[in-house]
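Descriptive structure summary
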Amino acid sequence: MTTLLLALAVAVPTAAAANGRSLYAENCLSCHGVAGQGVLSPSHARGVLGVRGLGPSLRGVGALSADFYLRTGYMPLIRPDVQPSRKRSPYSEAQIEALVSYVASLGGGPAIPTPHPERGSLSDGLSLFTASCAGCHQVVAEGGYVTDARVPPLEHDSPVRIAEAVRTGPYLMPRFSRTQISDRELNSIVAYVQGAKHPDDRGGWGLGHIGPVPEGLVTWFIAAVALVAICILIGGREKT
């Protein structure tokens, strides 16, 4: 019985990787090369981040990067020379798992993380997020724009996606290793981002939490309307 269970445990990922190999050949090989070796020939146009060729090597990236890029819809790219944007993945759950299994089989690389936001601290998460993430994502994780890049909001990201992004460093985002942000600190960051999705607006209107500039414009608009109303009221009294 034990031998049978061990055989099944080995057979399942092998079958998934085999199915993933077929999907990879159909959808990924033209950019990432045979067996994930990459297509980096100088004869190809520069891709995103100045990569010479169509796509980088996938050997050693592990299940972590493959799972993140496929589930966020960053991959596949229609054009390798433009910034990837989040979209609905064209692959089914089974196809994503098969592709991730195949990429992981190419050699080494980190596994998919398992964050535990329930073990984190909201106050620590706020401090860590403000120091390392808010410069691009805003303090309430609404995203925005930086030089030559769009920063996505995090409102629809699951704890696993957030943890994957921190450890992967997609596009212009820096990659944070465990020596820079520990797993305990990552739990706190995830807990804060999850909490920021439903902020408690005790100070007044939330106004969509889209930042201080539009909120300031709304304030000035209300002030202008109030001043006009006061002027009309004073003018009416003077006439009487």
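These remarks concern the structure in this document. This structure is a prediction, so every number in the text was calculated from the model and none was measured.

Per the stated rule, a full pass over the model turns up 7 salt bridges. One salt bridge connects R71 with E93, and the closest N-O pair in it is separated by 2.9 Å. One end of the pair, R71, is in helix α3 (residues 62–71); the other, E93, is in helix α4 (residues 93–105), with 22 residues separating them in the sequence. For E93, a relative accessible area of 43% gives the class partly exposed. A salt bridge links D183 to R167; its shortest N-O distance comes to 2.9 Å.

Burial analysis of helix α7 (residues 159–168) places 8 of its 10 residues in the buried class, the great majority of the element. Taken residue by residue, α7 has R161, I162, A163, E164, A165, V166, R167 and T168 as its buried positions. The elements touched by buried residues of α7 are α3 and α8 (183–196). Looking at the residues trailing α7, positive phi occurs at G169, about 70°.

Attention now goes to the environment of H116. Along the polypeptide, H116 turns up in the loop between α4 and α5 (122–132). Considered as a pair, H116 and P159 are 43 residues apart in the sequence and their alpha carbons are 8.0 Å apart.

This part is about the packing of aromatic side chains. Throughout the structure, instances matching the rule amount to 5 aromatic pairs. Taken together, a centroid distance of 5.2 Å and an interplanar angle of 50° make the contact between Y24 and Y102 tilted. Taken together, the residues Y24 in helix α1 (residues 2–27) and Y102 in helix α4 connect sequence positions 78 residues apart. Judged by relative accessible area, which is 2%, Y24 ranks as buried. The exposure class assigned to Y102 is buried, which follows from its relative accessible area of 6%. Between the aromatic rings of F129 and Y192, the centroid separation amounts to 5.4 Å while the plane-to-plane angle is 50°, which identifies the pairing as tilted. Taken together, the residues span a long stretch of sequence, with F129 in helix α5 and Y192 in helix α8 at a distance of 63 residues. This pair shows no difference in class: F129 is buried, exactly as Y192 is. Three or more aromatic residues link up through ring pairs in this structure, and these residues are F68, Y69 and Y74.

About the criteria used
- Residues numbered from 1 in each chain as written.
- Predicted model: local features only at pLDDT ≥ 70, side-chain atom pairs only at ≥ 80, totals over all residues.
- Heavy atoms only, no water.
- Salt bridge = Lys/Arg side-chain N within 4 Å of Asp/Glu carboxyl O.
- Helix = DSSP H or I, 4+ residues; strand = E, 2+ residues; numbered from the N terminus.
- Buried < 20%, exposed > 50% of the residue type's maximum accessible area, 1.4 Å probe, protein only.
- Contact = heavy atoms within 4.5 Å.
- Phe/Tyr/Trp six-rings, centres within 6.5 Å; stacked < 30°, edge-to-face > 60°.

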